[in-house]
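# Survey of secondary and tertiary structure
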Amino acid sequence: MGRPEAFRTSGRHRRWGYRLGLLGLLLMPLAGLTYGYLALRQSPRTAVEAAQQALAQARAAAAEQYAPVHWRKAEQVWEEVLRRWRLANQRWWSLPDDYAQITALARQAQHEAIVAAARAAQVRDSLHRESRQMLTALAPRLDSLQRWLRLLPYRPGWLQQLQVAQQQYQAAQYALEQQKLWEAARKARQAHLQTLALTQQVSDYVRDYLAQVPRWRQWVAEVRAEARRQNQWLIVVDKMARQCLVYRGDRQVAVFPIELGPNWMGTKHYAGDRATPEGRYRVVRKLGPGETRYYRALLLDYPNAEDRARFARARREGLLPPGAKIGGLIEIHGEGGRGADWTEGCVALHNQDMRRLYEMIPVGTPVVIVGTLDPPSWVQQMIAVHAR
């Protein structure tokens, strides 16, 4: 007997089920390979490696130091890339959308790193150029200041400021050589500001002093007019020019180089200030060998009435040290030629020049001591440099 129809149908169904199951088993590896291929095509690895390389280049360009804002932004995006990448790798089955987001973030990190590197290079170039320009401009100014301070009266505060500016200049140069550009620019600016401040102080001091030039010229003009009328001798001491000019009537007879007291700029205020007085005086005595320590000398009538009045006014205003005295014994004498200002306030000449002056000049000869009649070139240069 044959099988019933229901059994035949059930058997066919089972056979088809077996066939489909077998087909599914065969297709599953193929599906896995297909998904893996598609996932590999969508993997963010290439974008992540490109971002990592861009970050390395930004780090080599010192973006952290010279473009910190852009560098922090690139780092923050990169840290998010790594976080998501770790999470995706920890899952057994990652979705393509996860990789797409990681790829987008990696490209953003790459972009931010490129921007940071470019900005760092721009800042480095700017700092290097700024530092080099400031140092180039500073070198001659510092040299000029050093020369001026050698010619001006000794001021400890000025020398200290100059030394600070020179140290800052040297530190800036060293930092620039070491490619420490922020430090180089900072030190160069400090040296620049210190030099400007000192130049202004010195220039203002000299400018205030030179404001008396019209008065000094008037003194000399008045005394020279009298000397011409009387056909008498006249001595003019120009402190800035370091000259002792000798006249007879309307004629200039001689010019001698001189040395002064170290505190020569300005008039004498009291005994011991080592300042050479300024004013109109006369020779009251001639001191020969054995009468002076300095070869030969012409003693002046310092202090005169104007000096005494100025001293009394300064004492009333509390401008003098306690116990200060007005002093005296101001001479034009020998033993000069030392190459520096060294006297206690007198005017020193070479001995051979002093001998000539001593032989020419009689007692009673007028002597005018002034700051200057015509500011020398180095003073004009100082004021011109400050004006720029």
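Attention in this report is confined to the structure presented alongside it. The model shown is predicted, which means the values in this text are computed figures rather than measured ones.

### Focus on the sheet that holds strand β3 (residues 251–257)
- The strand order β3-β2-β1-β8-β4-β5-β6-β7 describes an open sheet built from eight strands, whose pairing is mixed. Each of the sheet's edge strands pairs with one partner strand only, and the pair in question is β3 and β7 (347–348).
- One ladder, built from three bridges, connects strand β5 (residues 297–300) with strand β6 (residues 331–333); its direction is antiparallel. Bridging from a neighbouring strand, Leu 299 pairs with Glu 331 of β6.
- Where helix α8 (residues 213–230) meets the sheet, it contacts β1 (233–238), β2 (243–248), β4 (279–287) and β8 (366–370), and its direction lies at approximately 165° from that of β8.

### Description of the environment of Tyr 358
- Tracing the chain through its elements places Tyr 358 in helix α10 (residues 351–360).
- Judged by its relative accessible area of 17%, Tyr 358 falls in the buried class.
- Separated by 61 residues in the primary sequence, Tyr 358 and Ala 297 place their C-alpha atoms 7.1 Å from one another.
- The residues touching Tyr 358, leaving out its near neighbours within four places in the chain, are Lys 286, Leu 287, Gly 288, Arg 296, Ala 297 and Leu 298.
- Among the polar contacts listed, one links the side chain of Tyr 358 to the backbone nitrogen of Gly 288, at a separation of 3.5 Å.

### Quick look at the packing of aromatic side chains
- As enumerated under the stated definition, the model contains six aromatic pairs in all.
- The ring of Trp 264 carries the charged tip of Arg 242 above its face, separated from the ring centre by 4.4 Å.
- Stacked on the ring of Tyr 295, the Lys or Arg Arg 296 has its end atom at 4.6 Å from the ring centre.

### What about helix α2 (residues 45–60)?
- Taking 1.5 Å of rise per residue, 16 residues should cover 22 Å, and α2 covers 23 Å from first to last C-alpha, within 8% of that figure.
- Buried residues of α2: Ala 47, Val 48, Ala 51, Ala 54, Leu 55 and Ala 58, and no others. Burial along α2 is one-sided: seen end-on, the buried residues are contained in an arc of 125°. In α2, the exposed positions angled more than 90 degrees off the buried face are occupied by Thr 46 and Ala 60.
- Positive phi shows up at Ala 62, right after α2, with a value of about 60°.

Definitions and limits used
In every chain, residue numbers begin from 1 and rise along the written sequence. The predicted nature of this model means local features are confined to residues of pLDDT at least 70 and side-chain atom pairs, given and counted, to a pLDDT of 80 or more, with totals for whole chains, interfaces and linings taken over all residues. Heavy atoms from the whole structure form the basis of all side-chain values; hydrogens and water molecules are not counted. Whether two strands pair depends on DSSP finding at least two bridges between them. Every helix listed is a DSSP run of H or I at least four residues long, and every strand listed is a run of E at least two residues long, numbered separately from the N terminus. For this analysis, residues touch if any pair of their heavy atoms sits within 4.5 Å. Axis geometry follows a simple rule: fit a line to the C-alpha atoms, using only the stretch in contact for helices, then measure angles between N-to-C directions, giving values from 0 to 180 degrees. Any residue under 20% of the maximum accessible area for its type is buried, any over 50% is exposed, and the rest in between are partly exposed; the area is computed with a 1.4 Å probe on protein chains only. N or O atoms closer than or at 3.5 Å make up a polar contact, with two conditions inside protein: a donor-capable atom paired with an acceptor-capable one, and, for residues adjacent in sequence, both atoms drawn from side chains. A pair of Phe, Tyr and Trp rings is counted when the ring centres sit within 6.5 Å of each other, with Trp represented by its six-membered ring. The angle between the planes then sorts it: under 30 degrees is stacked, over 60 is edge-to-face, the rest tilted. Think of it as a cone above the ring: NZ of Lys or CZ of Arg counts as a charge over the ring if it is within 6 Å of the ring centre and within 35 degrees of the ring normal. Here the expected length of a helix is defined as 1.5 Å per residue gap, with one fewer gap than residues. Note that the arc is defined by the directions from the helix axis to the C-beta atoms.

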